[in-house]
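So you can see what is in the structure, the chains are spelled out below.
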Amino acid sequence: MACQNDCSTTPTDPSGLGGACEAAICTRRRKGWRSVVRNFTPSWFSVNMGTGITSILLHNLPYNGRWLQYISYILFALNVLLFVIFLTISALRYCLYPKIWISMVRHPAQCLFLGTFPMGLATIINMIVFVCVPQWGGSWWKVAWALWWIDAAVSVACCFYLPFVL
Amino acid sequence: MCFRMTVHGHSIQTMTAAWLLPIVSTIVAAATGSLVAGILPHVEYALITLLTSYVLWGTGVPLAMVVLVIYFLRLTTSNLPPKAVMVSTFLPLGPLGQGGFGIMQLGKVALEVFPKTHTIPAASHAGEIFYVAGFFTAIIMWGFGLVWLCFAVATIVRSRHFPFNMGWWGFTFPLGVYTVCTTTLAKEVPSAFFRVLGTIFSIAVTILWLVVSVGTLHSLWKGRLLVAPCLKDVEEREAKAREASVSKQEVDVGETAGSGV
């Protein structure tokens, strides 16, 4: 088995989500922004998914109120902010260290989390449709539509490629 | 998987519900597409988006069902998932919840768009049929999701203590999209059941979001989260390259020293 030596498949951490077993590996690289960039796994986009779906739920709650709407707008703004930050760090990661990209795509658990990127983006598109388009009108439908095409393309790439190399 | 694994040799024990992640992404794109199609000002654009979304749904849902079968086999023939990935037992709710919501929403858009664009012209009620079929599919998928929700809750209750990691975000999204499916069903049926249940789930997701957010910030503060397992390969290779260059230098130094004597 190709991944047997990899600590992510040992019983302590089969998730590849980060845990005790890797603690020893990169202690020497723990400091500084480079370490943050190097260790920034795609699973961080699951934060966008979680935050996005919470904002969507609060926006569409059957028994709703004005204050819930405001909380949902705040979560939406937070989600967009986090998404931009995560996207920047991810772009840095794979531009500065292209080898990490190859290693990540080949990693049996990590590569699956690439799917969280289009899903995180999808929650943002949902909220653009729910909030920005009715409130501001104008060309916001173009923004939503363009983002959706990107999202669809990326998700198809994930769905068609990743199960194939699984 | 039978079509299979050109890179990693997986076995049934190493399989987790995380296999669903890349597949669910097209289902999420389909559901989002149905919402986007609803706000597009030109009906032709809406039709293109709608049909693309149906295809996206078709790429995701059946494949997710296939993975669910493998996952069920894994759960029944092997032990429970390891504690680090325990939360991934919630992931099956993702394709079922989002798939159900997506097909219902697509039906709603088809109801409006099909007659205007004369799609499937031989059937005068094509849009209505898609709409009803959407609700029918959604309520069945909702029922299947209920089974997986019970499995997930039972697994979590049974295992009790499991360490915090980024996988905990799996508590929010799958249950969240299942809730979206619940509240969308509530809009179609004259019963308070789905509405009340949807509200309860929504509150649960919000509380879980708070818990996981605090956990993430806390772990980040302690420096435990920014660890990438995939770096191990890269760092090992880098270390080897460094060693190789150092030993080469030593040899070079040795040779020059030798020739000097």
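Keep in mind the model is a prediction, meaning the values are calculated, not measured. (Residues numbered from 1 in each chain as written. Chains lettered and ligands numbered in written order. Predicted model: local features only at pLDDT ≥ 70, side-chain atom pairs only at ≥ 80, totals over all residues.)

Trainee: Go over the confidence of the model for chain B, please, and point to the residues and values.
Mentor: Low pLDDT marks regions whose predicted coordinates should not be analysed in detail. When pLDDT is averaged across chain B, the result is 88; 92% of the residues are at 70 or more. Confidence, expressed as mean pLDDT per element, reaches its minimum in chain B at helix H7 (residues 231–260) of chain B with 69 and its maximum at helix H3 (residues 93–117) of chain B with 96. (pLDDT = per-residue confidence, 0-100. Helix = DSSP H or I, 4+ residues; strand = E, 2+ residues; numbered from the N terminus.)

Trainee: Would you mind going over helix H3 (residues 66–96) of chain A in detail, with residue names and values included?
Mentor: All names here are of chain A. In this model, H3 (31 residues) spans 45 Å end to end at C-alpha, consistent with the 45 Å of a helix rising 1.5 Å per residue. Of the positions making up H3, those classed as buried are Ser72, Leu75, Phe76, Asn79, Phe83 and Arg93. Elements in contact with the buried residues of H3: helix H1 (32–38), helix H2 (45–60), helix H4 (98–106) and helix H5 (116–136). (Expected span 1.5 Å × (residues − 1). Buried ≥ 20, exposed ≤ 12 C-beta atoms within 10 Å, placed from the backbone. Contact = placed C-beta atoms within 7 Å.)

Trainee: Mind laying out the interface of chain A and chain B, listing which residues take part and the relevant values?
Mentor: With 78 residues of chain A in contact, the opposing surface of chain B contributes 67 residues. Every element with two or more residues in the side of chain A that touches chain B is listed here: H1, H2, H4, H5 and helix H6 (140–165) of chain A. Per-element accounting of the side of chain A that touches chain B gives the leading share, 14 residues, to H6(A).

Trainee: So what's going on with the packing of H2(A) against H5(A)? Residues and values would help.
Mentor: Residues and elements named next belong to chain A. Where H2 meets H5, the closest approach of the two axes is 8 Å, and the angle between their N-to-C directions is 25 degrees. Of the possible angle classes, the one that applies to H2 and H5 is roughly parallel. Pair H2 / H5 crosses with left-handed handedness. Here H2 contributes Phe45, Ser46, Asn48, Met49, Gly52, Ile53, Ser55, Ile56 and His59 to the contact with H5, which in turn contributes Thr116, Phe117, Met119, Gly120, Thr123, Ile124, Asn126, Met127 and Phe130. Of the residues assigned to the contact of H2 with H5, the class counts are nine nonpolar, nine polar and no charged. (Axes fitted to C-alpha atoms, helices over the stretch in contact; angles between N-to-C directions. Parallel < 35°, antiparallel > 145°, perpendicular 65-115°, else oblique. Left-handed = near helix turned anticlockwise from the far one by under 90°. Nonpolar A, V, L, I, M, F, W, Y, C, P; charged D, E, K, R; others polar.)

Trainee: Before we move on, could you go through the packing of H6(A) against helix H2 (residues 43–77) of chain B and cite the residues and values that matter?
Mentor: The geometry of H6(A) relative to H2(B) is characterised by a closest axis approach of 11 Å and an angle of 20 degrees between their N-to-C directions. Here H6(A) lies roughly parallel to H2(B), going by the angle between them. Judged by the sense of rotation from one axis to the other, the crossing of H6(A) with H2(B) is left-handed. Contacts between H6(A) and H2(B) involve Ala152(A), Val156(A) and Cys159(A) from the first element and Thr52(B), Leu56(B), Thr59(B) and Gly60(B) from the second. Of the residues belonging to the contact of H6(A) with H2(B), the class tally is four nonpolar, three polar and no charged.

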